Amino acid sequence: MTTLHVTFRVGTADYALPAAQVLHLESFEIATHVPGAPTYVAGLMQVRGRVVPVVDLRLRFGLASIEHTIDHRVVVVQVGTRVAGLLVDSAREVVQLDETSFAQPPEILDRQSAGFVTAVATLANRLFLLIDVSRIIGEELTHA
Amino acid sequence: MNEPNEPIDLQEFLGAFVVEAEELIATANASLLEIETAIGDATSRPRAVRELFRALHTIKGLASMIGVEPIVEIAHALETLVRAADRAGGSLHRGAVEIALQAVGAIAERVRAVAEHREVTKAPEALLAEIASTEAGSVASIPEAAIPPEWRTRLSPSERQQLALALEARVPVWTLSFVPSEANAARGITITTVRAGLGAIGEIVKVIPRSVAATADVKLGVAFDILIASDATQLAIAEAASTDPERVFPLVQRVPTPAAELDLDSFEPVERDDGGAILGRAVVRVELPRLDDLQDQLSLLIASRFRLEREIGCFSELGHNVQRLHEIVRIQGRLLRDLRRAILRARMVKVTEVLEPLTILVRSLARSGGTVVQLELDACEVELDKAVADRLLPALIHLVRNAVDHAIELPDQRVALGKPRAAKVRVSCIEVAGNYLEIVVSDDGRGIDRAAIARRANCPIDDDARLLEVLTSPGFSTRDVPTKTSGRGIGMDIVRRIASDLGGELSMTTQLGAGTSFTLRVPVTIAVMDVFSFQCGPQAFVVPTAVVDEVIEVDAERIVVPLNLHADGTASPLSLIERRGHAIPVVSLGALLAIDSGKRARKALVIRRNGDPIAFTVDRMIGRQEVVVRTIDDALVNVPGIAGTTDLGDGRPTLVLDLNELGIMARERGME
């Protein structure tokens, strides 16, 4: 069985999210900095009439920040009632991923990505890392 | 295509049920309290009994639609009792009121269970049995001769009962007529306003329409005969009914004999005994989130108008003639402002309605605590945003509960102290400048013992402001202290928190032995704010103008950095600035938010927190405008000092700062 996924790039790796969790993609200009928020929060953006927090995935994954380019995208995701944006280096593709190709992430990767990666999928010799969005947007924060 | 068996959205339906049921419960409670008061005055309130009946009947119907059997059972039992009371002329005895209040409480409990998706417990057998064995009140009788003949055949048993009780209590009974005319209508006077006016000064027993000769002025050809029991003077009654004093007759005199009678059925809406029914039909209940949506859409529209204006500006710079475009955009701006005002009005509720739950609370607290308390509510016609009301109510409940539970002495103690036996708790509300409300909760109880609190807190307390600070510090108020001696104790930090979350303030005055008075100052609405916008380091912010006492010039040379270095050698963020001969603490907002060194600061916003001023330096002021504020609720960005966001017209969110909270943060850091 295959499922539609949105794929995007952060650093040197390709990531994938089930399309059902993605509301839309936006280009990124600037976000309003929120003093006191976690450092990986790029800020607030107005997206189609809604004000959403944007998480910089580079910072969230412990990578160095880079100059923003025209390729940068915000993947707007919905988890339960929460809506947030994920700032990624680029996002172009929508692919069908075969769930039978999903494998446990290698242990070393798992530690590096701090448990954000839930599985690794392969498609035409390319690797896609599947990520846990609710953990990325800080589900632990909502219980604080 | 809908499948025939597709389940309806029960969730949405349950939400509507809860909202409606809660309203009906409030009505039932209010009616019961009115009936109880009437027992005290030896009068009856047939209308309250009927309202109670209607509320119970509707609750029963709603509950059976969604199949919550226990609520149906309790409501049904109580309805039976109340119907008997209605037949008996509209009176319930004290015991029956007590049981009815319990039963309504049991219904309320189960409605809450539905709201919270908990299991609804069975109807308590003991309660049902008690309701079943309770009899309604006794019937007072009235001699037939005391009723004017033309009214004799037209009064129901309950109306006769009402007359009898009025006569018994020596309340004068009057008859009068009101003729709806073109002239009256032009002045806004209708039978509805007359009912309302008379209802305010007496108890309307009956209103009967009759036909009169139609004239140019009296086009409808209808007059209304009104029977009313009232202590008011003939003149006052005439004025309330917008008629001549000569047309108001004491009961012993005759009313002009009605001409030909009209078919009563055609006057059904008027004949109903609640003047509100006609007005009531024009009311729509709307869930608040829908109004929020509307407001969000509107703010997008406003932002897009700003963009349009900017584009027109560019056109103009290119040498195009944009005069007519300017005119259109200007009109659009005015229309949008009007629209925003209209949406705001739709969000408003009467403060009186908001305070309603307090009456039932005070009654039950006083009962269980053995105190005698008179609750006075005084909010007149003041209105506030439903969203503010919902957030504010817990704070008011807290203050009133504290007053009744801890501040008020037992009746005998009060008498020994030379105070009236019945204590007074007063909740009043007035509108103050800048779209703010001041709600005062005061009592005439024992007051707060400043010295005792100072000993317990182990610090000197010189004034009420300092006392409140100690009482509302979380470390103090959550400690389990013997509250009977201090007069106040638990949970005051929550009250302060609610006020500051709303962008408001809590203050207090107290006098040992005489009572305490708390003042909550909150904005009428949190959806729209009048704000100052300013630049601080790399970004723009806004703050509500209402919290800003003054904007002052900052000259770096006027800032004094005191020698309070931290142990690690870094400077405290608090410095001092001279203002009208006084040194006040000043904080660099940029440094506090860790976004800027604050070196370019040229202005400072002075706020007052419980009377103590504190200044925040900013780079420069941008302007002052009215904006739509959205709250920030996502956990990622829910940080102290930030109250919400707004759009200043550039399509980007601008942060709304809570300077009160930032002031507390600065002080805490300064003291570290």
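Residues numbered from 1 in each chain as written. Chains lettered and ligands numbered in written order. Predicted model: local features only at pLDDT ≥ 70, side-chain atom pairs only at ≥ 80, totals over all residues.

**Remarks on the overall build of chain B**
Per the secondary structure count, chain B includes 24 helices and 22 strands. Looking at chain B as a whole, 36% of its 672 residues qualify as buried. At a minimum sequence separation of 6, the contacts of chain B that also span at least 24 residues come to 67%. (Helix = DSSP H or I, 4+ residues; strand = E, 2+ residues; numbered from the N terminus. Buried ≥ 20, exposed ≤ 12 C-beta atoms within 10 Å, placed from the backbone. Contact = placed C-beta atoms within 7 Å.)

**Quick notes on the overall build of chain A**
For chain A, the count of helices and strands is four helices and ten strands. Secondary structure elements in chain A, listed N-terminal to C-terminal, are β-β-β-β-β-α-β-β-β-α-β-β-α-α. Taken across its 144 residues, chain A has 36% of its residues classed as buried. Counted over contacts in chain A with a minimum sequence separation of 6, partners at least 24 positions apart contribute 55%.

**Brief notes about unusual backbone geometry**
Residues and elements named next belong to chain B. Although it is not a glycine, C380 adopts a positive phi angle of roughly 45°. Tracing the chain through its elements places C380 in the loop between β6 (373–378) and β7 (383–385). The exposure class assigned to C380 is exposed, which follows from the 12 C-beta atoms found within 10 Å. With phi around 45°, R580 is a residue other than glycine that occupies positive phi space. Along the chain, R580 falls in the loop between β16 (574–579) and β17 (582–588). Judged by local crowding, R580 falls into the exposed class, with 7 C-beta atoms found within 10 Å.

**Side note on the nonpolar core**
Among the nonpolar cores identified, the biggest contains 125 residues, and V55 and V75 of chain A together with V400 of chain B are the most heavily contacted of them. Excluding its chain neighbours within four sequence positions, the residues that come into contact with V75 of chain A are V6, F8, L17, V22, L25, G85, L86, V88 and A91 of chain A. Of all hydrophobic cores here, the second largest spans 38 residues; its members include L56, L62, I74 and A123 of chain B. (Core = buried A, V, L, I, M, F, W, Y, C linked by C-beta atoms within 7 Å.)

**Some remarks on the environment of R135 of chain A**
Residue and element names in this part refer to chain A. With respect to the secondary-structure elements, R135 resides in helix α3 (residues 133–136). Judged by the 16 C-beta atoms lying within 10 Å of it, R135 is partly exposed. For R135 and V117, which are 18 residues apart along the polypeptide, the C-alpha to C-alpha distance reads 9.8 Å. Apart from the residues within four sequence positions on either side, R135 is in contact with G115 and F116.

**Some details on the interface of chain A and chain B**
Between chain A and chain B, the contact holds 21 residues from the first and 22 residues from the second. Elements represented by at least two residues in the side of chain A that touches chain B include exactly β4 (41–47), β5 (50–56), β7 (82–88) and α4 (139–142) of chain A. A class-by-class count of the residues in the side of chain A that touches chain B yields 13 nonpolar, seven polar and one charged. (Nonpolar A, V, L, I, M, F, W, Y, C, P; charged D, E, K, R; others polar.)

**Some points on the packing of helix α4 (residues 94–115) of chain B against helix α5 (residues 125–133) of chain B**
Residues and elements named next belong to chain B. Closest axis-to-axis distance for the α4/α5 pair is 10 Å, and the angle between their directions is 145°. Crossing of α4 against α5: the hand is left-handed. Together, I99, Q102, A103 and A106 of α4 and L127, E130 and I131 of α5 make up the contact between the two elements. By residue class, the composition of the contact of α4 with α5 is five nonpolar, one polar and one charged. (Axes fitted to C-alpha atoms, helices over the stretch in contact; angles between N-to-C directions. Left-handed = near helix turned anticlockwise from the far one by under 90°.)

**With respect to the sheet that holds strand β3 (residues 222–229) of chain B**
Residues and elements named next belong to chain B. Within the open sheet, the four strands sit side by side as β2-β3-β1-β4. Their pairing is antiparallel. If you trace the sheet from one side to the other, it starts and ends with β2 (203–211) and β4 (248–250), each paired once. Across the sheet, the mean angle from the axis of one strand to that of its neighbour is 20°, orientation sign disregarded. The sheet contact formed by strand β1 (residues 173–178) and β3 spans six bridges and is antiparallel. Counterpart to L176 in the pairing with β3 is I226. (Pairing = 2+ DSSP bridges.)

**As for the sheet that holds strand β22 (residues 653–657) of chain B**
Residues and elements named next belong to chain B. The strand order across the open sheet formed by five strands is β20-β12-β13-β22-β21, and the pairing between neighbours is mixed. Two strands in the sheet have a free side with no partner beyond their single neighbour: β20 (620–628) and β21 (642–647). Sheet twist, expressed as the average angle between the axes of neighbouring strands with direction ignored, equals 35°. Inspection of the sheet shows strand β12 (residues 528–536) paired to β20 by eight bridges, in the antiparallel sense. Counterpart to F534 in the pairing with β20 is M621.

**Here we look at the environment of V606 of chain B**
Residue placement: V606 of chain B occurs in strand β18 (residues 603–609). Each C-alpha atom of the pair V606 of chain B and D549 of chain B lies 5.4 Å from the other, and the pair is 57 residues apart in sequence.

**Some thoughts on the environment of N638 of chain B**
Residue and element names in this part refer to chain B. With respect to the helices and strands, the residue N638 is situated in the loop between β20 and β21. What makes N638 partly exposed here is the crowd of 17 C-beta atoms within 10 Å. If sequence neighbours within four positions are ignored, N638 has contacts with I632 and D633.

**Description of the packing of helix α13 (residues 288–317) of chain B against helix α14 (residues 323–346) of chain B**
Residue and element names in this part refer to chain B. At a closest axis distance of 11 Å, the pairing of α13 and α14 adopts a crossing angle of 165°. Looking at the two axes, α13 sits roughly antiparallel to α14. Here α13 runs over α14; the crossing is left-handed. Together, L291, L294, Q295, L298, L301, I302, R305, L308, E309 and I312 of α13 and L325, H326, V329, Q332, G333, L336, L339, R340, I343 and A346 of α14 make up the contact between the two elements. The class makeup of the residues in the contact of α13 with α14 is 13 nonpolar, four polar and three charged. (Parallel < 35°, antiparallel > 145°, perpendicular 65-115°, else oblique.)

**What about α4 of chain B?**
All names here are of chain B. Here α4 is 22 residues long and its end C-alpha atoms lie 31 Å apart, about the 32 Å a rise of 1.5 Å per residue gives. Three or more residues of α4 are buried, namely A96, V97, A100, A103, V104, A106, I107, A108, R110 and V111. Where α4 ends, the next residue or the one after it, H117, has phi of about 55°, a positive value. (Expected span 1.5 Å × (residues − 1).)

**Quick notes on the confidence of the model for chain B**
Low-pLDDT portions of the prediction should not be read for the details of their coordinates. All names here are of chain B. The share of residues in chain B with pLDDT of 70 or more is 84%, and the mean pLDDT across the chain is 79. Under a pLDDT of 50 for its full length, residues 478–489 has, in the predicted model, 28 contacts with residues more than four places off or in other chains. The complex prediction reports pTM at 0.54, with the ipTM value standing at 0.90. (pLDDT = per-residue confidence, 0-100.)

**Overview of the pairing of strand β8 (residues 423–432) of chain B**
Residues and elements named next belong to chain B. Direction of pairing for β6 relative to β8: parallel, over a ladder of six bridges. Bridging from a neighbouring strand, L377 pairs with V427 of β8. Bridge count between β8 and strand β9 (residues 436–443): eight bridges; the pairing is antiparallel. When the sheet's bridge partners are listed, C429 is paired in β9 with I439.

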